[in-house]
Amino acid sequence: MAELGIKAGDKVLLVWAQPSAPAALKQYAEELGAVGGAGCVSVENMERLLLSSHSASTFDWVLSGLLADSSSTHSSEILAEMARVLKPGGKLVLDEAVTGAEAQSVRTVEKLVSALKLAGFMSVTEVRKAELSAEALSSLRTATGYQGNTLSKVRVSASKPAFEVGSSSQIKLSFRKKPAEKPALDPNAVKMWTLSANDMDDDDVDLMDSDALLDEDDLKKPDPASLKAPTCGEGSAKKKACKNCTCGLAEEQESKEKQKTNLPKSACGSCYLGDAFRCASCPYAGMPAFKPGEKIVLDKKTLTEA
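Basis of the calculations
- Starting afresh in each chain, residues are numbered from 1 along the sequence in its written order.
- At least 70 in pLDDT is required for a residue's local features to be given in this predicted model, at least 80 for side-chain atom pairs to be given and counted, and no such filter applies to totals for whole chains, interfaces and linings, which use all residues.
- Values shown for side chains rest on all heavy atoms present in the structure; no hydrogens or waters enter the calculation.
- Strands are runs of DSSP state E lasting at least 2 residues, helices are runs of H or I lasting at least 4, and numbering of each runs from the N terminus.
- Each residue gets one of three labels from its accessible area relative to the maximum for its type: buried under 20%, exposed over 50%, partly exposed in between, using a 1.4 Å probe on protein chains only.
- Accessible surface area values rest on a Shrake-Rupley calculation with a 1.4 Å probe, where residue burial reflects the displayed protein chains alone.
- As used in this record, nonpolar core signifies buried Ala, Val, Leu, Ile, Met, Phe, Trp, Tyr and Cys residues forming a set joined through side-chain atoms within 4.5 Å.
- Note on contacts: a residue pair is in contact if any heavy atoms of the two residues lie within 4.5 Å.
- A residue counts as positive if it is Lys or Arg and as negative if it is Asp or Glu; His and the chain ends are not included.
- By convention in these notes, a salt bridge is any Lys or Arg side-chain nitrogen within 4 Å of a carboxyl oxygen on Asp or Glu.
- Pairing between two strands requires that DSSP report at least two bridges joining them.
- Only C-alpha atoms enter the line fits that serve as axes; for helices the fit covers just the stretch in contact. Angles between N-to-C directions range over 0 to 180 degrees.
- Residues enter a patch when their relative accessible area is above 30% and they make no salt bridge; the linking distance is 9 Å between like charges and 5 Å between nonpolar side chains (Val, Leu, Ile, Met, Phe, Trp, Tyr).
- What counts as a ring pair is set by centres within 6.5 Å for rings of Phe, Tyr and Trp (its six-membered ring), and what kind of pair is set by the plane angle: stacked under 30 degrees, edge-to-face over 60, tilted for all other angles.
- Note on geometry: a ring has a charge over it if NZ (lysine) or CZ (arginine) is within 6 Å of the ring centre and within 35 degrees of the ring normal.

What follows covers the overall build of the protein chain. A count of helical and extended segments in the protein chain gives 10 helices and 6 strands. Each of the 306 residues in the protein chain was classed as buried or not, and the buried ones make up 30%. Accessible area for the protein chain stands at about 21,900 Å²; split by element, carbon and sulfur atoms hold 55% of it.

The next thing to look at is the nonpolar core. In this structure, Val62, Met82, Leu92, Leu116 and Phe121 are the most contacted members of the largest nonpolar core, which totals 25 residues. Taken together, the elements giving at least two residues each to this core come down to strand E1 (12–16), strand E3 (59–64), helix H2 (76–85), strand E4 (86–99), helix H3 (109–118) and strand E6 (151–159). Aside from chain neighbours lying at most four places away, what touches Val62 is Leu13, Val15, Met82, Val85, Leu86, Lys91, Leu92 and Val93. By size, the runner-up hydrophobic cluster in this structure holds 14 residues, among which are Val12, Leu14, Ala29 and Leu32.

What follows deals with the side chain of Glu44. Within the secondary structure layout, Glu44 lies in strand E2 (residues 41–45). An unpaired buried charge is present at Glu44: no salt bridge exists, and Arg48, the closest side chain of opposite charge, is 5.3 Å distant. Apart from the residues lying within four places of it in its own chain, the contact partners of Glu44 are Leu13, Leu14, Val15, Trp16, Leu49, Ser52 and His54.

Attention now goes to the sheet that holds E2. Read from one edge to the other, the open sheet built from 6 strands follows the order E2-E1-E3-E4-E6-E5, with strand pairing classed as mixed. Edge positions in the sheet fall to E2 and strand E5 (122–130), since each of these pairs with one other strand and no more. Along the sheet, successive strands turn relative to each other by an average axial angle of 15°, direction set aside. The pairing of E1 with E3 spans 4 bridges and is classified as parallel. Note that in E3 the partner of Val12 across the bridge is Trp61.

Residues Ile171, Leu173 and Phe175 make up a contiguous nonpolar surface patch of roughly 430 Å² in combined accessible area. A relative accessible area of 74% places Phe175 in the exposed class.

For H2, the set of buried residues is Ile78, Leu79, Glu81, Met82, Ala83 and Val85. Those residues of H2 that are buried are in contact with E1, E3, E4 and H3.

Here we take up the packing of aromatic side chains. Aromatic ring pairs are described here by two measures, namely the spacing of the ring centres and the angle between the planes. Taken as a whole and judged by the stated rule, the model has 0 aromatic pairs. In this arrangement the basic side chain of Lys11 is found over the ring face of Phe59, its NZ or CZ atom lying 5.9 Å from the centre.

Its identity is not glycine, yet Ser57 carries a phi of approximately 55°, on the positive side. In this fold, Ser57 is placed in the loop between E2 and E3. Judged by relative accessible area, which is 21%, Ser57 ranks as partly exposed.

This is the structure we're talking about:
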């Protein structure tokens, strides 16, 4: 058992099939028990493996068809059941009769490797190939009806992935764009465009006064009328400021509106109608009627008498 790599404490499932002799099966199971320890070896017939009550992820090893007189073939259901009872990372070692040519009842090594991968195994490796014994060959021909002369026995090892069947894991995805890396600056170029305090005190450096760049015309305050756009308010009897007015007409009209709203309000509301409708203390007494909202300037005499 040393060549298989079984260690003390490993739980082993030994699968056998006809026509294995009971004595050979018992001896093989005792040898496994001597290595793994008492109670670590379970024996199961291949035809009843699907009916067994073994829990998932129970065994570290599954050995199938390793007896010398065994000539079994493994269906896809049997291989899937072996993958179920194996622990994550567990090992499978099996012997199976294969043929060198395509046949319906016996498959090739390539087909066996493909079946193991489809059952969920990985790291499938062909360990060795040997000739079938006369008894095993006769039993296989009787069971499968294959009469060819290219039969041989191959030993294949495989392992279960290090995760449980049906397990899931979250994948971290990042869709944020990585900031573009700034190109490295040439030290010589940085030095060329950098002025230090010593450079400013250098007598050879001529600095220009910013005030010298302005002449007398630049300092004159412009006439507001010259700032108005020539087309502002055209096309109507009353000038109207443009939507995005920049000539000052919008501010001028807004100030006039504020002056209208700030006019004193009449207490009786009849001052603009004339003296016949004004009260005795009306400051507009003696003045002609005017339009509502019209600005009326009172002389000093009237204000004094009031």
